[in-house]
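# Reading the structure
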Amino acid sequence: PDRENWAGTDTLGRDVTSRLIYGARSSLFIAICSVLLGTAVGGAWGIGSGYLGGKVDLYSERFVEILLALPGLILAYMLVLVLGASFWTVIAALAISRVPTVVRVVRSVVLSVKQTMYVDAAKSIGASQSRIIWKHVFPQCVAALIVLVTMDIGGVIIGEASLSFLGVGIPPPAPSWGRMLGESNPNLYPMWWLVASPGILITLTVLAFNLFGDGIRDALD
């Protein structure tokens, strides 16, 4: 690091600071898209499973338990290996890895909501299941979904960084914080700044989103 290159340069002479700024776009875009997609799919799945109950809920929960048996990073790693590494493949893999957790949380909310008096009142006046779900059940799940989104972004950033570090993330030459960590691994000493710069940014970003999620959870509780 010097006055011209604040975070130093890598082994190819590229400015690390500019790559960190450009890589932030990739890492944050992947994290936000993955969380929104995974939350949307898991939320719809959890609402349907919890509200319909019966065999639908039984088979749904067994499938969710199978997905939960695999760690999220391992599941995403397997999906990327099968589908091939690309920008949208990483988003899909990380989104799928978040679905089981969202299903469990939303389903628990729905199970308590569907026992309330206003849901029974809606049924008694002949409201359809789709109307009850949209007007009475879904609004009660919004707070949980918002908290899940803010809390999961930090985890997905780490997941994307881990996939890139393992060499199955965003293909080069597109930079990301995880890929920068992976590329700097053989040069840890004496080029310590190649690891320190993306590592510090990942840590601060994950911490910021986690604190933001805690604040929203307290506000909506």
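Scroll up to find the structure this text is about.
Here's what I pulled together on the structure shown here. (Residues numbered from 1 in each chain as written. Predicted model: local features only at pLDDT ≥ 70, side-chain atom pairs only at ≥ 80, totals over all residues. Heavy atoms only, no water.)

If you tally the helices and strands in the protein chain, you get eight helices and zero strands. The N-to-C order of helical and strand elements in the protein chain reads α-α-α-α-α-α-α-α. Dimensions of the protein chain, computed from the C-alpha atoms along their principal axes, are close to 70 × 40 × 20 Å. Across the 221 residues in the protein chain, those meeting the buried criterion constitute 41%. Only carbon and sulfur atoms are counted for the fraction: they give 68% of the accessible area of the protein chain, which is about 11700 Å². Here the protein chain contributes 15 positive and 14 negative side-chain charges, whose respective centroids are spaced 10 Å apart. (Helix = DSSP H or I, 4+ residues; strand = E, 2+ residues; numbered from the N terminus. Buried < 20%, exposed > 50% of the residue type's maximum accessible area, 1.4 Å probe, protein only. Areas by Shrake-Rupley, 256 points an atom, 1.4 Å probe, with all protein chains shown as cover. Lys, Arg positive; Asp, Glu negative; His and termini not counted. Charge placed at Lys NZ, Arg CZ, Asp CG, Glu CD.)

Once that is clear, we can look at the pattern of salt bridges. Taken as a whole, this structure holds six salt bridges when the rule is applied. Two residues, Asp-57 and Arg-107, come together in a salt bridge whose shortest N-O distance is 2.7 Å. You can see Asp-57 sitting in helix 2 (residues 54–69) and its partner Arg-107 sitting in helix 4 (residues 87–113), a full 50 residues away along the chain. For Arg-98, the salt bridge is made with Asp-152, and the minimal N-O distance between the two is 2.9 Å. With Arg-98 in helix 4 and Asp-152 in helix 6 (residues 129–165), this residue pair connects regions lying 54 residues apart in the sequence. (Salt bridge = Lys/Arg side-chain N within 4 Å of Asp/Glu carboxyl O.)

What follows is about the packing of aromatic side chains. Scanning all chains against the criterion turns up five aromatic pairs. Clustering of aromatic rings is evident, with ring pairs tying together Phe-29, Phe-87 and Trp-88. (Phe/Tyr/Trp six-rings, centres within 6.5 Å; stacked < 30°, edge-to-face > 60°.)

Another point: the nonpolar core. Judged by nonpolar contacts, the single largest core of 28 residues is most densely connected at Ile-30, Leu-94, Ile-153, Ile-157, Leu-163 and Ile-202. Contributing elements (two or more residues each) for this core: helix 1 (16–52), helix 3 (72–83), helix 4, helix 6, helix 7 (177–184) and helix 8 (193–220). Setting aside anything within four residues of it in sequence, one finds Leu-94 in contact with Ile-30, Ser-34, Ala-76, Val-156, Gly-159, Glu-160 and Leu-163. Core analysis: the second largest hydrophobic core is formed by 14 residues, Val-119, Ile-132, Val-137 and Cys-141 among them. (Core = buried A, V, L, I, M, F, W, Y, C linked by side-chain atoms within 4.5 Å. Contact = heavy atoms within 4.5 Å.)

Turning our eyes to something else, we now look at the environment of Tyr-118. Mapped onto the secondary structure, Tyr-118 falls in helix 5 (residues 117–124). Relative accessible area serves as the criterion here: at 36%, Tyr-118 is assigned to the partly exposed category. In this structure, the C-alpha to C-alpha distance between Tyr-118 and Ile-132, residues 14 residues apart in sequence, is 9.6 Å. Apart from residues no more than four positions distant in its own chain, Tyr-118 is found in contact with Val-113, His-136 and Gln-140.

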